[in-house]
Amino acid sequence: MKKTLYLKFIIAYIIFGVFAFFLIGLLVPMIAQDTLKKERAEDLYTEAVLIADTYASGLYTNDTSLGAVKNQLDVLSVFINATIRVINPSGRVVLSSDTPLDVDNVEIIENFDPTAAGTSYYMIDDFYGYYNTDVLTVYAPITATYKVRGYVVINSSMAQIAQASEKYLSIAYITLLIAFLLSLIVLIFFTELVYSPLKKITYATEQYASGNMHYEFQVESNDEMGYLAAALGYMASEIARAEDDQKKFVANVSHDFRSPLTSIRGYLEAMIDGTIPPEMHEKYLTIVLNETERLTKLTNSLLTLNNLNTKGLMLNRTNFDINAVIRNVAATFEGTCKNKKLAIELILTGEELYVNADMEKIQQVLYNLTDNAIKFSHHDSLIKIETTEKKNKVFVSVKDYGIGIPKEDQKYVFDRFYKSDASRGKDKKGTGLGLSITKEIIHSHEEHIDVISTEGVGTEFVFSLALADEKEQKVIE
Ligand code: ATP
Ligand code: MG
């Protein structure tokens, strides 16, 4: 493919050249001959009229002698490079610059008829059979005492015109050749601006197609080519990143599945071979049960994430009261809070606060955030859930006074499987997927979620939601 584009361009270029030469060879002689003919005819006609009005009319008024006029016409004929004749309307040649004066041998032009030219002041023919080839002929009537006495007839050879037209053709060919050579610059531009970058891009695509996603290349131009190359490079780097993420993800999943499975297997084997005495079975079976619970949670979280990814933006948006949802979520955690002696304080804006979002998914977000807040809080502390309304947005904040997240860890908390070292001891069941699911949900709503946290002081997660349209709210109410 690489070579053919260049070849095609060259072929197109050659076709263009051949056509141009062909066309110029055809058109230039045609146009040049036509123009030259007209110009020559015009010049000769002016000359003929001049002769008819001056020297020739003298012949018929007997003012000048035949010899004197002949001399003048001979000079003129050399000057204008044509044959000048004075012919009577009957066809008798009175004078000719071609032949010497001979009164005895009168030359007659048979069928002489100057009116045959019609409206045109010149004719191209063999001049009543006088010449073997075509000549250009102009006629100018000689009038004396209000009568046409004769004609000044000038014959000019066509070879002269053909010669001049050939000269024009050569000039046209030379110009075309220069233009053609100059247009080779286009070829240089094509090579530099299109072909070379395209070759690089093609090579890069081949590399990517063969799986080398880390191949890097550069096209230094600000035009579409540069943009295409940059876009391609970006695409490849994104794919490479996605591949790396995928590998990491699989590694994490396998690890997270393997550790509970290993411990389950270990305890069960120990129970079977008697290492763990029967009276201790209950304790270790509870641990095994917890591990299976963790595996179930892990599987469910993975399924949720997968669904979010594949369904993308398929949200079931409705207008609902976020305050009511928050109250519900808080109520589900009542038991856990009692055990940990925690209190949940709700600071809600208005009695009802309608937002436009996917209610089930937002419920899950609130559940995940509250679950974290409780998990990472100390005993006897407070959790605040707050709603505020600002510029068509509702901000929901879940704040705790727990262990906090170290500054350097904050940017990773939304990553899949991320669990800070501090949290590992506190929460063995956590999968590290809760916040990545939360982020995925908020982003699919085209909204934002942020974390503000100080280690040892507490953590606050704030996310935004779209305020429901007032008119629509009324309908629902
Ligand atoms: P799961 O949500 O599946 O139970 P998890 O809670 O460990 O697991 P995430 O909810 O994704 O996973 O949280 C990731 C990590 O971020 C947690 O392990 C913890 O280290 C940190 N983190 C999240 N919320 C808080 C919080 N409120 N206070 C302190 N650390 C937090
Ligand atoms: Mg969590």
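Residues numbered from 1 in each chain as written. Chains lettered and ligands numbered in written order. Predicted model: local features only at pLDDT ≥ 70, side-chain atom pairs only at ≥ 80, totals over all residues. Heavy atoms only, no water.

**Some thoughts on the domain arrangement of the protein**
Test applied: Domain start and stop points were drawn from an automatic or database domain assignment.
Entries for the protein in the domain assignment read domain 1 (5-180) and domain 2 (317-472). Using only C-alpha atoms to locate each centre, domain 1 and domain 2 end up separated by 103 Å.

**Considerations on the pattern of salt bridges**
For side chains bearing opposite charge, pairing can occur when the charged atoms are close. Defined as follows: For this document, the term salt bridge refers to a Lys or Arg side-chain nitrogen within 4 Å of an Asp or Glu carboxyl oxygen. Every helix listed is a DSSP run of H or I at least four residues long, and every strand listed is a run of E at least two residues long, numbered separately from the N terminus. Here's how the labels work: a residue is buried when its accessible area is under 20% of the maximum for its type, exposed when over 50%, partly exposed in between, all with a 1.4 Å probe on protein chains only.
Taken as a whole, this structure holds nine salt bridges when the rule is applied. Linking Arg85 and Asp98 is a salt bridge whose minimum nitrogen-to-oxygen distance equals 3.9 Å. Of this pair, Arg85 sits in strand E1 (residues 83-87) while Asp98 sits in the loop between strand E2 (93-96) and strand E3 (122-125), and the two are 13 residues apart along the sequence. The shortest N-O distance in the salt bridge between Lys361 and Asp358 comes to 3.3 Å. On the basis of relative accessible area, Lys361 is assigned to the partly exposed category, the value being 23%.

**Examining the sheet that holds E3**
Convention followed: When DSSP finds at least two bridges between two strands, those strands are taken to pair. Axis definition: a line fitted to C-alpha atoms, over the contacting stretch in the case of helices. Angles run 0 to 180 degrees between N-to-C directions. What makes two residues a contact is simply this: any of their non-hydrogen atoms within 4.5 Å.
Spatial ordering of the open sheet is given by E2-E1-E5-E4-E3, a layout of five strands whose pairing is antiparallel. Whereas interior strands pair on both sides, the edge strands pair on one side only; in this sheet they are E2 and E3. Across this sheet, the average inter-strand angle for adjacent strands is 25°, counted without regard to direction. When E1 meets E2, the two strands line up antiparallel, connected through three bridges. Paired with Val86 across the bridge in E2 is Leu95. Across the sheet, helix H2 (residues 66-80) is in contact with E1, E2 and strand E5 (147-157); its angle to E2 comes to roughly 50°. Those strands touched by helix H3 (residues 158-182) are E3, strand E4 (135-144) and E5, and its axis lies near 45° from that of E5.

**Observations regarding the packing of aromatic side chains**
So the rule is basically this: Working definition: rings of Phe, Tyr and Trp (its six-membered ring) pair if their centres are within 6.5 Å, and the pair is stacked with planes under 30 degrees apart, edge-to-face with planes over 60 apart, and tilted otherwise.
Using the criterion set out here, one finds 24 aromatic pairs in the structure. Between Tyr6 and Tyr195 the ring centres are 4.6 Å apart and the planes differ by 40°, which places this aromatic pair in the tilted class. Here Tyr6, found in helix H1 (residues 2-60), pairs with Tyr195, found in helix H4 (residues 184-209); they are 189 residues apart in sequence, far enough to count as distant. Classification of Tyr6 by relative accessible area gives partly exposed; the value is 25%.

**Focus: the pairing of strand E10 (residues 393-400)**
Bridge count for strand E9 (residues 382-390) against E10 is eight bridges, and the pairing is antiparallel. Each bridged residue has a counterpart across the sheet, and for Lys384 the counterpart in E10 is Lys399. Where E9 hands over to E10, the hairpin turn is made up of two residues, of which Lys391 adopts a positive phi near 45°. Two elements, E10 and strand E12 (residues 458-467), share eight bridges in a ladder whose sense is antiparallel. Its bridge partner lying in E12, Val396 is registered against Phe463.

**A look at the nonpolar core**
Selection criterion: We call a set of buried Ala, Val, Leu, Ile, Met, Phe, Trp, Tyr and Cys residues a nonpolar core when their side-chain atoms join them within 4.5 Å.
Ile322, Ile362, Leu366 and Phe463 are the most contacted members of the largest nonpolar core, which totals 41 residues. Top contributing element to this core by residue count: helix H9 (residues 359-375), with six residues. Among residues more than four places away in sequence, those in contact with Ile322 are Leu353, Val355, Ile362, Leu366, Thr387, Val394, Val396 and Leu465. Ile51, Ala82, Val94 and Met158 belong to the second largest nonpolar core, which has 26 residues in total.

**Here's the deal with the packing of H9 against helix H11 (residues 434-444)**
What counts is decided by this rule: Helix crossings get a hand from a simple test, with the near helix turned counterclockwise from the far one by less than a right angle marking a left-handed crossing and a clockwise turn marking a right-handed one. When residue character is reported, Ala, Val, Leu, Ile, Met, Phe, Trp, Tyr, Cys and Pro are called nonpolar, Asp, Glu, Lys and Arg charged, and the others, Gly included, polar.
Relative orientation of the contacting elements H9 and H11 amounts to 145°, with a least axis distance of 9 Å. Both H9 and H11 take part in a crossing whose hand is left-handed. Two secondary-structure elements touch here, H9 through Lys361, Ile362, Gln364, Val365, Asn368, Leu369 and Asn372 and H11 through Gly434, Leu435, Ile437, Thr438, Ile441 and Ile442. Its residues placed into classes, the contact of H9 with H11 shows seven nonpolar, five polar and one charged.

**Here's the deal with the environment of Asn132**
Within the secondary structure, Asn132 is located in the loop between E3 and E4. Between the alpha carbons of Asn132 and Thr336 there is a distance of 125 Å; along the sequence they are 204 residues apart.

**Notes on unusual backbone geometry**
A negative phi angle characterises most non-glycine residues, just as the trans form characterises most peptide bonds. If you check the backbone angles, Phe127 has positive phi at about 55° while not being a glycine. Mapped onto the elements of the fold, Phe127 is located in the loop between E3 and E4. The phi angle at Lys391 is positive, at roughly 45°, despite the residue not being glycine. Secondary-structure assignment places Lys391 in the loop between E9 and E10.

**Focus: the side chain of Ser183**
Put simply, the rule reads: N or O atoms within 3.5 Å of each other form a polar contact, as long as, within protein, one can give a hydrogen and the other can take it, and as long as residues adjacent in sequence are counted only when both atoms are side-chain atoms.
With respect to the helices, strands and loops of the structure, Ser183 is situated in the loop between H3 and H4. Among the polar contacts made by the side chain of Ser183, one reaches the main-chain carbonyl oxygen of Phe180 at a distance of 2.6 Å.

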